[in-house]
Amino acid sequence: MAITFVGKAGVTGVGAGENLTIGTVPTGAIIMLSSANQGNASLSTLTVGGESAFLESTHSTGGTSADARCELWWYYSRAGGTNVVVSPTYSASTRHAYSYYIYQGSAATTPLEFTSSGTGTGASPQTATVTVAAGSASRLLFQAVAFVTTATGVGTITIAPGVGQTEEDEEDLPGTASLVAVSEESNDESGQGQTTMTAVGTDVGFSMNWATVGTAIMLPRTVKKVERSQTGFVFHQPRRVR
C-alpha cells in the first residue's frame with residue numbers, strides 16, 4: 001500500500017482570502033493545505049466543506065511588511081464529496097498564495113509525523129531547507145514553502161524543488177513597483193530515513209525572505225489482535241487502525 005497524489009489547485013490574491021472548489025474529493029482522502037503570505041497576517045480559520053481543517057504548523061520570518069509566513073493545514077475526508085469548497089480567512093488583508101493537495105492512502109487519525117520548520121533570508125537565489133526526522137515505513141514526505149521579496153519591484157519568484165522531490169503545485173503573485181512578490185510551492189518524495197527537503201526560490205536582482213514547513217504523511221498503522229486461550233496467547237492477523 002502506498003500514499004498516492006490525486007490532485008491539486010491553487011490561487012493567488014490580495015485581501016482576506018478566496019474560496020477554491022474541489023470538484024471531487026475521494027472517500028478517505030487527506031487534503032494538505034499550504035499557505036504563503038506577506039506580513040504579520042495569518043490564517044485565522046480554514047474550512048473544507050464547512051468543517052474546520054487542522055493547523056499543523058505555522059512559521060514566519062517575522063517583524064516587517066515583507067515577512068514570509070508559511071502555514072500547513074490538513075483535513076481528512078472520511079466520506080468524500082463533490083464541489084467541496086475550501087474557504088480560508090486571513091486575520092487581515094494580505095498578499096497571499098495558497099493551494100490544496102489531495103492524497104489517498106493515509107492514516108485518518110494523527111496522519112502526520114515529525115513536522116518541522118525553517119526560515120531564512122538573503123539575495124536570490126535562496127534555498128528553503130527543512131529536515132524531517134526518520135520515521136515510519138512507506139510514508140510520503142511533504143514540504144510547503146513561502147517566499148516573499150524584501151523590497152517592492154516588478155518581478156516574479158520562481159521555485160524549483162530539490163533533487164528527488166516532485167513539485168505538485170506552485171502559485172506566484174508577481175511584485176509591482178509598489179508591492180512585493182509572494183510565492184507558494186509544495187513538493188513531495190518518499191523516504192523513511194531522516195531527509196532534508198529543499199526548494200530554491202529565484203527572483204533575479206531581489207533579496208527574499210522564506211519560511212518552510214516539512215512533515216511526513218503516514219500510512220494507516222497495523223496492530224495485532226491478541227486473545228488468551230487455554231494454551232497461551234494466540235496472535236491473529238494484523239488489522240489496520242485508521
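Residues numbered from 1 in each chain as written. Predicted model: local features only at pLDDT ≥ 70, side-chain atom pairs only at ≥ 80, totals over all residues. Heavy atoms only, no water.

### Concerning the sheet that holds strand β8 (residues 81-90)
Read from one edge of the open sheet, four strands run β2-β8-β4-β5, paired in antiparallel fashion. The open sheet has two edge strands with one neighbour each: β2 (20-25) and β5 (51-52). Bridge analysis of strand β4 (residues 43-48) against β8 gives five bridges, and the strand direction is antiparallel. What sits directly across from Val 48, in β8, is Val 86. (Pairing = 2+ DSSP bridges. Helix = DSSP H or I, 4+ residues; strand = E, 2+ residues; numbered from the N terminus.)

### So, the packing of aromatic side chains
All chains considered together, the criterion is met by four aromatic pairs. With centroids separated by 5.5 Å and ring planes inclined at 65 degrees, the aromatic side chains of Phe 5 and Tyr 103 adopt a geometry described as edge-to-face. Note that Phe 5 is positioned in strand β1 (residues 4-15) and Tyr 103 in strand β9 (residues 94-104), a separation of 98 residues in sequence. Taking the centre distance of 6.1 Å and the plane angle of 90 degrees together, the rings of Tyr 103 and Phe 142 count as edge-to-face. Of the two residues, Tyr 103 sits in strand β9 while Phe 142 sits in strand β12 (residues 140-149), which places them 39 residues apart along the sequence. Just as Tyr 103 is buried, Phe 142 falls in that class too. (Phe/Tyr/Trp six-rings, centres within 6.5 Å; stacked < 30°, edge-to-face > 60°. Buried < 20%, exposed > 50% of the residue type's maximum accessible area, 1.4 Å probe, protein only.)

### Quick word on unusual backbone geometry
The linkage connecting Ser 124 with the following residue, Pro 125, adopts the cis geometry, with an omega of 0 degrees. Looking at the secondary structure, you find Pro 125 in the loop between β10 (112-123) and β11 (126-132). A positive phi is found at Thr 110, a non-glycine position, where the angle reads about 40 degrees. A relative accessible area of 53% means that Thr 110 is categorised as exposed.

### Side note on the pattern of salt bridges
Here the structure, examined in full by the defined rule, presents two salt bridges. Lys 8 is paired through a salt bridge with Asp 169; the nearest N and O atoms lie 3.3 Å apart. Here Lys 8 is found in strand β1, whereas its partner Asp 169 is found in strand β14 (residues 166-173), with 161 residues between them in sequence. Residue Lys 8 is classed as partly exposed on the basis of its relative accessible area, which comes to 40%. For Asp 169, a relative accessible area of 6% puts it in the buried group. For Glu 113, the salt bridge goes to Arg 139, with nearest N and O atoms at 3.0 Å. Note that Glu 113 is positioned in strand β10 and Arg 139 in the loop between β11 and β12, a separation of 26 residues in sequence. (Salt bridge = Lys/Arg side-chain N within 4 Å of Asp/Glu carboxyl O.)

### Points about the sheet that holds β10
Here five strands make up an open sheet; going across it, the order is β10-β17-β12-β15-β14 and the pairing antiparallel. At either margin of the open sheet sits one strand with a lone partner, and together these are β10 and β14. Within the sheet, the average angular offset between the axes of one strand and its neighbour, ignoring direction, is 10 degrees. Note: β12 against strand β15 (residues 182-190), nine bridges, orientation antiparallel. Across the sheet, residue Ala 146 finds its bridge partner in β15, namely Glu 184. (Axes fitted to C-alpha atoms, helices over the stretch in contact; angles between N-to-C directions.)

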